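Analysis of the macromolecular model
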Amino acid sequence: MSVMVARKKVVRKWEKLPGRNTFCCDGRIMMARQKGIFYLTLFLILGTCALFFAFECRYLAVQLSPAIPVFAAVLFLFAMATLLRTSFSDPGVIPRALPDEAAFIEMEIEATNGTVPQGQRPPPRIKNFQINNQIVKLKYCYTCKIFRPPRASHCSICDNCVERFDHHCPWVGNCVGKRNYRYFYLFILSLSLLTIYIFTFNIVYVALKSLKIGFLNTLKETPGTYPSMSLTVLTVLEVLICFFTLWSVVGLTGFHTFLVALNQTTNEDIKGSWTGKNRVQNPYSHGNIVKNCCEVLCGPLPPSVLDRRGILQQEESTAQEGSCPRGSGTQEPPATQGPGQAQEGHSVLSPQVPAPSVSDTEMPEEKQRTPGELPVPSPDAGRAEH
């Protein structure tokens, strides 16, 4: 006989989350789907630093100081740690409204705006919110079905609303928001220092070599020997990579330093939220550079509200075939039920209440015999006849 067994399949919440994100390591890592430029970032950083440590660092450590490779290793490890922390973390994604919540918000909006005649454009869905005596507008997101919190915006690439949205950075493969902005800033700052460091000591390496054997002899050092020629070519390659990287990374670091000092985001700066015609003051600025920097870089980090590794249980029924063991004392239920055995409406497996037995002294002799059975004389009757 077949037996239905219910098994529970554990499903994590990250497997059902909407949006265009990818997850790894059972939901612990969260990134955007477009990760090609992020791999290019890793290749450039790892490749340039590997060449620097393999060739120039050995010469500079002997000629100048052994602290040169140590300080370079510290900058490299810090830049890689902040890059991975920025790329693999939740930037502050806001969960979408549940169907019941979305229906309630729609009813609330209709009750507020009233019935809109056909052919007329409905009024914008905006709520006014006051922050530091400044009116801030909360806009309605038609994708997430929520009124976005202040400074939040919907990322068209990841298809999620992100709290304190700054921008979507393809170089780190993730959005930059409230929960990873400080790590992004520390990454570009440390990368700028690392790029300047490698570029400077590459120039020093070429200069020291030129003082000993001349610049032209340095470029064509020991001609005909493949390792030495490749060493010169790789040094020039490092200088070119650092030169072109220097302007973009250092410029980006300076721009975000300016934003941190004003407690402003890239999205707000592009849109001109606190500048331009309105000349509205930034309600989030403390009016002090130190306080703004402390809030952005050293303030408390809010936890993720996605609960990516939460469990959703789904039951799956599977059929298993097997024989049902029976004990020696079990009996099959009778095919037909006579009166007194079971009443209508009772289950066959329900326990039967035994009928009270009647002793032989109480039951008449005729009722003890079955139909067609001859009466058997008792021994007392035989002795009485004799």
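Within any chain, residue numbers begin from 1 and follow the written order of that chain's sequence. Reporting in this predicted model follows two pLDDT cut-offs: at least 70 for local features of residues, and 80 or more for side-chain atom pairs to be given and counted; totals over whole chains, interfaces and linings ignore these cut-offs and use all residues. In computing side-chain values, all of the structure's heavy atoms are included and hydrogens and water are not.

**Describing the overall build of the protein chain**
Counting from the N terminus, the helices are DSSP H or I runs at least four residues long and the strands are E runs at least two residues long. A count of helices and strands for the protein chain gives ten helices and twelve strands. Pairs at least 24 residues apart make up 65% of the contacts formed inside the protein chain by residues separated by at least 6 positions. Approximately 25300 Å² of the protein chain is accessible, and the part contributed by carbon and sulfur atoms is 61%. When checking whether two residues touch, look at their non-hydrogen atoms; a contact exists if any pair is within 4.5 Å. In these tables, accessible area is a Shrake-Rupley quantity obtained with a 1.4 Å probe, and a residue counts as shielded only by the protein chains included in the view.

**Brief notes about the sheet that holds strand S9 (residues 160–162)**
At least two DSSP bridges between two strands are needed for those strands to be called paired. Here three strands make up an open sheet; going across it, the order is S4-S9-S8 and the pairing antiparallel. Looking along the sheet, the strands with just one partner apiece sit at the ends: strand S4 (93–94) and strand S8 (153–155).

**Regarding unusual backbone geometry**
Residue Asn132 is not a glycine yet carries a positive backbone phi of 50 degrees. Examined against the element boundaries, Asn132 turns out to sit in the loop between strand S5 (126–131) and strand S6 (134–141). Positive phi is not limited to glycine here, since Arg164 has a value of about 50 degrees. Among the secondary structure elements, Arg164 is positioned in the loop between S9 and strand S10 (167–169).

**A short note on the side chain of Glu268**
Relative to the helices and strands, Glu268 is located in helix H7 (residues 266–271). With relative accessibility at 6%, the residue Glu268 sits in the buried group. The residues touching Glu268, leaving out its near neighbours within four places in the chain, are Arg151, Ser273, Trp274 and Tyr284. With a 1.4 Å probe rolled over the protein chains alone, any residue whose accessible area is under 20% of its type maximum counts as buried; one over 50% counts as exposed, and the rest are partly exposed.

**Things to note about the UniProt feature "transmembrane region" (unreviewed entry) in the protein chain**
UniProt positions are given in the numbering used here, feature names are shortened, and annotations may be inferred rather than shown by experiment. Residues given the UniProt feature "transmembrane region" (unreviewed entry) here are residues 37–55, 67–84, 183–208 and 228–250. Within the segment residues 67–84, helix and strand shares are 100% and 0% respectively, and the terminal C-alpha atoms sit 26 Å apart.

**Remarks on the sheet that holds S5**
If you trace the three strands from one edge of the open sheet to the other, you get S5-S6-S7, paired in antiparallel fashion. At either margin of the open sheet sits one strand with a lone partner, and together these are S5 and strand S7 (146–147). Bridge count for S6 against S7 is two bridges, and the pairing is antiparallel. Along S7, the bridge assignment pairs Tyr140 with Phe147.

**What about the pairing of strand S3 (residues 29–32)?**
Neither face of S3 is exposed, since Ile29 and Met31 on one face and Met30 and Ala32 on the opposite face are all buried. Relative to S3, strand S2 (residues 21–24) runs antiparallel, the two being bridged by four bridges. Paired with Thr22 across the two strands is Met31, which belongs to S3. Two successive antiparallel strands, S2 and S3, enclose a turn made up of four residues, where Cys25 displays a positive phi of approximately 55 degrees.

**Digging into the layout of surface pockets**
The gaps left among the atoms become clear once a water-sized probe is rolled over them. Definitions used throughout: a 1 Å grid over protein atoms alone; a cavity as a set of points that fits a 1.4 Å probe which cannot get out; a pocket as an open set with protein on both sides within 12 Å along at least five of seven lines; a lining residue as one with an atom within 4 Å of a point. Grid points are joined across faces, edges and corners, and a volume is the space filled by probe spheres set on the points. A volume near 600 Å³ is recorded for the largest pocket. Going through the elements one at a time, S6 and H7 are the ones with two or more residues in the lining of the largest pocket. The element contributing the most residues to the lining of the largest pocket is S6, with six residues.

**Observations regarding the confidence of the model for the protein chain**
Each residue gets a pLDDT score, which is the predictor's confidence in that residue and runs from 0 to 100. In the predicted model, the protein chain carries a mean pLDDT of 76, and 69% of its residues have values of at least 70. Ranking the elements of the protein chain by mean pLDDT puts helix H9 (residues 365–368) last with 43 and helix H2 (residues 67–87) first with 95. Taken as a whole, residues 222–230 scores under 50 in pLDDT and shows five contacts with residues more than four places along the chain or in a different chain. Segment residues 327–386: pLDDT under 50, and 13 contacts once partners within four positions in sequence are set aside and those in other chains are kept.

**Some thoughts on H2**
Multiplying 1.5 Å by the residue count of a helix minus one yields the expected span of that helix. Look at H2: 30 Å from first C-alpha to last across 21 residues, which is about the 30 Å you get at 1.5 Å a residue. When we look at burial in H2, the residues that qualify are Ile68, Pro69, Ala72, Leu75, Phe76, Ala79, Met80, Thr82, Leu83, Thr86 and Ser87.

**What to know about the side chain of Asn282**
Here Asn282 lies in the loop between H7 and helix H8 (289–298). Reaching out from Asn282, the side chain makes a polar contact with the backbone oxygen of Asn263 at a distance of 3.1 Å. Beyond its immediate chain neighbours, meaning those up to four positions away, Asn282 contacts Leu262, Asn263, Gln264 and Trp274. The term polar contact refers here to a pair of N or O atoms within 3.5 Å; inside protein, the definition further demands a hydrogen-donor-capable atom paired with an acceptor-capable atom, and it admits residues adjacent in sequence only when both atoms are side-chain atoms.

**Quick word on the environment of Leu84**
Among the structural elements, Leu84 can be located in helix H2. The class for Leu84 is partly exposed, based on a relative accessible area of 32%. It is 9.1 Å that separates the C-alpha atoms of Leu84 and Tyr183, two residues lying 99 residues apart in sequence.

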